[in-house]
Amino acid sequence: MSLVGLVLVPWASPSAERRLTSCAAPAIAGGGGRGGVGRKHVERLLSSLHSIPGDEDSPAAVDRLVRKFLLSCSKPAARVALSMYRRITGASWFRWNAKIAASVVPLLDAMGLYAEAEGLMCEADSRLKVRELVVFYCDLIEAYAKRGMREKVFEVRARLLVRGIPAGKGAYESTVKALCLLGFPGEAEVILRDMEASGLRASPFDYRLIVQSYGRLGMLSEMRRVVGFMLDSGLSVDTICANMILSCYGDGGQLTEMVTWLRQMRDSNVPFSIRTCNSVLNSCPGLSSMLRDHQTRPLTLKKLMEMLEEEGCGNEETSLVQELVSSNVLLQTLDWSPSEGKLDLHGYHLCSAFLAVLLWIEELKARLLDRGAEGKVIPRQISIICGSGKHSNTMGESPVKRLVSVSLFHLGSPLRIDRKNVGRLIAGGTAVRDWLLKMEGS
């Protein structure tokens, strides 16, 4: 099995795993020191490799893991990564691979090992055919950009031309991506124009990178200008691109622009997504402040809208919330069947989850208390999936679960944490209906 060009034969064999571990062990041992960052980084890699099943797809999976390992190495871990790589290259089962080499070259340069970096690049020049070499250099351009090495990006691109290899679409796109990663959208735009002038058509992804890079730098007028070029080129703005633009407006506190952009999305039939809601609601300071105090937090949609107006949050913030409420996007993860009515809040940020729960309560009233609709079926159970905090900054603690459970507790909800799944709140359908009836009568 390949290990990003390092082949273990076969991966399912315990002896193959022992060979990798024996090669990596000296690197792990040498990665100690004050922080031990390198050791942990390598141990995580070995643990991930161990969990990969031994099937026909496993070589590609291992390739991705090791390349990701090398690309993500921080400075404390870089020396350990190089030590591990050198040990593995000396193994009898090692096979040279272009992708791993493209990840290693910037590490060598960052460590000041320029001769070794040049040697690895020359090895690529001699080993690879023209088409493979272009892919290698494209990977190398992006790897240098991820480490903030701008000069090297242009050096690699120039190296392509010196070798007489034409700058194809892949090389152009990699350079555009690299410059955007480095925060040089103007230079990326020049490369994009060169690409189009050479007869190659830019993709929506190329434009999105430049749009996002301008937006992150706060250059919103330039961002809008590039969006205009994109539309003039016959490319449409999709949900992903629209969300990027919303996020950039939000970072700049441009709520009025966000309202305008949401309405343009709606009028152009560009679908909203949960990420749309997260980008918009995270930018609403009034709503965010309401969530900090559970004693004064509004617990109905009507009360929320009243508080937004009363507390001087501005027409823009109220309009943003109204746009999302009217789209019903926040309830797109609501599943309804005779067995269960389930709202899944995975992917929701705090403000989005809170607004979704308020809308969920209104939806439950419509579904369970509408006496005019015959044949209404009450699900056996009602649940909200909040997650257990596996991806939280504080391990094992879910901010969304805490927000939802506290809010429902203050409303007297019968939903409680499920014993079988700590990331889920659950109650019987009839109990939820009785709770809603009590709320209506109070």
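Structure first, text after, so check above.
Computed from a predicted structure; not experimentally measured. (Residues numbered from 1 in each chain as written. Predicted model: local features only at pLDDT ≥ 70, side-chain atom pairs only at ≥ 80, totals over all residues. Heavy atoms only, no water.)

## Description of helix α14 (residues 255-267)
The terminal C-alpha atoms of α14 lie 18 Å apart, and with 13 residues this matches the ideal 18 Å at 1.5 Å per residue to within 8%. Those residues of α14 not exposed but buried are Leu255, Met258, Val259, Trp261, Leu262 and Met265. Down the axis of α14, the sector holding all buried residues measures 170°, keeping them to one side. Buried-residue contacts for α14 involve α12 (220-232), α13 (239-251), α15 (274-281), α16 (285-290) and α18 (314-327). Asn269 occupies a position one or two residues after α14 and carries a positive phi of about 60°. (Helix = DSSP H or I, 4+ residues; strand = E, 2+ residues; numbered from the N terminus. Expected span 1.5 Å × (residues − 1). Buried < 20%, exposed > 50% of the residue type's maximum accessible area, 1.4 Å probe, protein only. Arc of directions from axis to C-beta. Contact = heavy atoms within 4.5 Å.)

## Considering the packing of aromatic side chains
Under the defined criterion, the tally for this structure stands at one aromatic pair. Relative to Tyr137, the ring of Phe136 has its centre 5.4 Å away and its plane inclined at 65°; by these criteria the two rings are edge-to-face. Just as Phe136 is buried, Tyr137 falls in that class too. It is Arg150 that lies over the ring of Phe184; its NZ or CZ is 4.5 Å from the centre. (Phe/Tyr/Trp six-rings, centres within 6.5 Å; stacked < 30°, edge-to-face > 60°. Lys NZ or Arg CZ within 6 Å of the ring centre and 35° of its normal.)

## Some thoughts on the pairing of strand β5 (residues 424-428)
Within β5, four of the five residues are buried, leaving the element largely enclosed by the surrounding structure. Both strand β3 (residues 381-385) and β5 contribute to a ladder of five bridges, which runs antiparallel. Bridge pairing in β5 places Gln381 opposite Gly428. Here strand β4 (residues 416-417) folds back onto β5 in antiparallel fashion, the turn holding six residues. (Pairing = 2+ DSSP bridges.)

## Things to note about α18
Relative to the 20 Å expected for 14 residues at 1.5 Å per residue, α18 spans 21 Å between its end C-alpha atoms, a close match to the ideal helical length. Among the residues making up α18, those that are buried are Glu317, Thr318, Ser319, Leu320, Val321, Glu323 and Leu324. Considering only its buried residues, α18 is in contact with α14, α15, α16, α17 (301-310) and α19 (350-368). Positioned one or two residues after α18, Asn328 has a phi angle of 65°, which is positive.

## A few points about the pattern of salt bridges
A complete count under the given rule lists 23 salt bridges for this structure. A salt bridge links Arg225 to Glu222; the shortest N-O distance between them is 2.6 Å. Placement of the pair is Arg225 and Glu222 together in helix α12, with a separation of three residues, close to one helical turn. One salt bridge in this structure joins Asp434 and Arg433, with 3.1 Å as the shortest N-O distance. Asp434 sits in the partly exposed class, given a relative accessible area of 39%. (Salt bridge = Lys/Arg side-chain N within 4 Å of Asp/Glu carboxyl O.)

## Notes on the packing of α12 against α13
The interhelical angle for the contact between α12 and α13, taken along N-to-C directions, is 165°, at an axis separation of 11 Å. Considering the angle they form, α12 stands roughly antiparallel to α13. Taken as a pair, α12 and α13 cross one another with a handedness that is left-handed. In this structure, α12 uses Leu220, Met223, Arg224, Val227 and Met230 to contact α13, whose residues at the interface are Cys241, Ile245, Cys248 and Tyr249. Looking at the contact of α12 with α13 residue by residue, the class counts come to eight nonpolar, no polar and one charged. (Axes fitted to C-alpha atoms, helices over the stretch in contact; angles between N-to-C directions. Parallel < 35°, antiparallel > 145°, perpendicular 65-115°, else oblique. Left-handed = near helix turned anticlockwise from the far one by under 90°. Nonpolar A, V, L, I, M, F, W, Y, C, P; charged D, E, K, R; others polar.)

## Comments concerning unusual backbone geometry
With a phi angle near 60°, Asn269 is a residue other than glycine that sits in the positive phi range. We classify Asn269 as exposed; its relative accessible area is 67%. Unusually for a residue other than glycine, Asn328 sits at a positive phi of about 65°. Residue Asn328 is classed as partly exposed on the basis of its relative accessible area of 43%.

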